[in-house]
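Residues per chain, in single letters:
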2 protein chains.
Amino acid sequence: MKPAEQLFRDYLKSKGLRLTREREEILKEIMKIHGHFEVEDIYLRLRRKKVKVSQTSIYRTLPLLVESGIVQKTPCDRMKARYEHVLGHRHHDHMVCIKCGRIIEFSNERIERLQEEAGKKYRFEILGHRLVLSGLCEECR
Amino acid sequence: MKPAEQLFRDYLKSKGLRLTREREEILKEIMKIHGHFEVEDIYLRLRRKKVKVSQTSIYRTLPLLVESGIVQKTPCDRMKARYEHVLGHRHHDHMVCIKCGRIIEFSNERIERLQEEAGKKYRFEILGHRLVLSGLCEECR
DNA sequence: ATGCGTGCAAATCGTTTGCAGGTTG
DNA sequence: CAACCTGCAAACGATTTGCACGCAT
């Protein structure tokens, strides 16, 4: 069994919830997507494979996946929520184009280290962070 | 006349648009808010002062303010769009204690420079950024 | 058997749009 | 007058919720 599914199962059990076929299918599909996705993406991909899961179930499952640390909501300008799975993915930050909504992922080791330093300076224990650069992407500027 | 209003007037003129009473009131109110805001915030604040402006007008004015560089859309998780005015603000970042909610403002010149570098690497024009460290403050750890 | 889960359809919420009347140059 | 603006109400699209039935423990 894959770590993501194990994690999810443990999380659900700890909350007295169940790992149903639908939740399993949704998780499996999400783990196949490397990059951002929307609710509709999952729905269409599953439907294309004749896997029967309603959009409602996807909407209801996503918060559970976020809560269990497998999936993250990513920042966005648009109305539609975007997500990405986060297991086995190194941490990265985001640039969001305020014009077209494009999201560029990047990561910078030195920035991470400076954040740690800033934390120390204020005796603040950093448990997580989120850096978003907003601006114009190459095509929109 | 304040620079923001001048900027806006120039922008509008360049597009053949007009600086109406409504647009002026909206801009004035936005410039008073130091931090982020939502459409409804502006609406309620104006209404409380008996200034008559419809939500529709706010929705229609915000893109103009963004386009003219006075206001920025800030990335967000929620459904509601959030904005902030961007003129004449020194930038700072935040540490948020997840236990007591305390917010520590800090700024770090070297982090800013590294961000600029990262932007250049992707040919991304950075107009704003937002760094949030979440964790435990001195007293809560 | 007891709840939790499901899909559907209706409801909700933020935002956008069509329209009729008002204002500006 | 032509073009822009406004407020209202209706439309819209993403998400949430109420409900009746189904399924897991």
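Details of the structure are given in the entry above.
The present account deals with the structure reproduced in this document.

The rules behind these values
Residues numbered from 1 in each chain as written. Chains lettered and ligands numbered in written order. Predicted model: local features only at pLDDT ≥ 70, side-chain atom pairs only at ≥ 80, totals over all residues. Heavy atoms only, no water. Core = buried A, V, L, I, M, F, W, Y, C linked by side-chain atoms within 4.5 Å. Buried < 20%, exposed > 50% of the residue type's maximum accessible area, 1.4 Å probe, protein only. Helix = DSSP H or I, 4+ residues; strand = E, 2+ residues; numbered from the N terminus. Contact = heavy atoms within 4.5 Å. Buried area = accessible area lost by both parts, 1.4 Å probe. Salt bridge = Lys/Arg side-chain N within 4 Å of Asp/Glu carboxyl O. Polar contact = N/O pair within 3.5 Å; in protein donor to acceptor, adjacent residues only side chain to side chain. Nonpolar A, V, L, I, M, F, W, Y, C, P; charged D, E, K, R; others polar. Pairing = 2+ DSSP bridges. Near = heavy atom within 4 Å.

**A closer look at the nonpolar core**
In terms of nonpolar packing, the biggest core is built from 28 residues, with M95, F124 and L133 of chain A together with M95, F124 and L133 of chain B touching the most fellow members. Only β3 (93-97), β4 (103-106), α5 (109-121) and β5 (125-136) of chain A together with β3 (93-97), β4 (103-106), α5 (109-121) and β5 (125-136) of chain B provide two or more residues apiece to this core. Those residues in contact with M95 of chain A that sit more than four places away from it in its chain are R102, I103, I104, F106 and L133 of chain A together with A118, G119, Y122 and F124 of chain B. Formed by 24 residues, the second largest nonpolar core is a distinct cluster that contains I26, Y43, I70 and Y83 of chain A.

**A few points about the interface of chain A and chain B**
Where interface size is quoted, it is often the accessible area lost as the parts come together. On the side of chain B, 39 residues touch chain A, which itself brings 39 residues to the contact. A combined buried area of about 3,800 Å² lies between chain A and chain B, and 63% of that area is made up of carbon and sulfur atoms. It is L114, Y122 and F124 of chain A that lose the most area in chain A upon contact with chain B, and together they represent 17% of the buried surface on that side. Taken together, chain A and chain B are joined by four salt bridges. With a shortest N-O distance of 3.6 Å, E138 of chain B and R123 of chain A are connected by a salt bridge. For the interface between chain A and chain B, the tally reads seven residue pairs in polar contact (both at pLDDT 80 or more). Per element, the largest residue contribution to the side of chain A that touches chain B is twelve residues, and it comes from β5 of chain A. Of the residues belonging to the side of chain A that touches chain B, the class tally is 22 nonpolar, seven polar and ten charged. Bridge count for β5 of chain A against β5 of chain B is eleven bridges, and the pairing is antiparallel.

**With respect to the protein's contact with DNA strand C**
What surrounds DNA strand C is a group of 19 residues, the closest being R23, S54, S57 and R60 of chain A together with Y59 of chain B. Between E22 of chain A and DNA strand C, the recorded distance is 3.3 Å, taken from a side-chain N or O atom to a sugar or linking oxygen. In the environment of DNA strand C, a phosphate oxygen lies 2.4 Å from a nitrogen or oxygen atom belonging to the side chain of Y59 of chain B. Of all the elements in the fold, those that place two or more residues in the surface near DNA strand C are α2 (21-32) and α4 (55-67) of chain A together with α4 (55-67) of chain B. Taken together, the residues that form the surface near DNA strand C break down as five nonpolar, six polar and eight charged.

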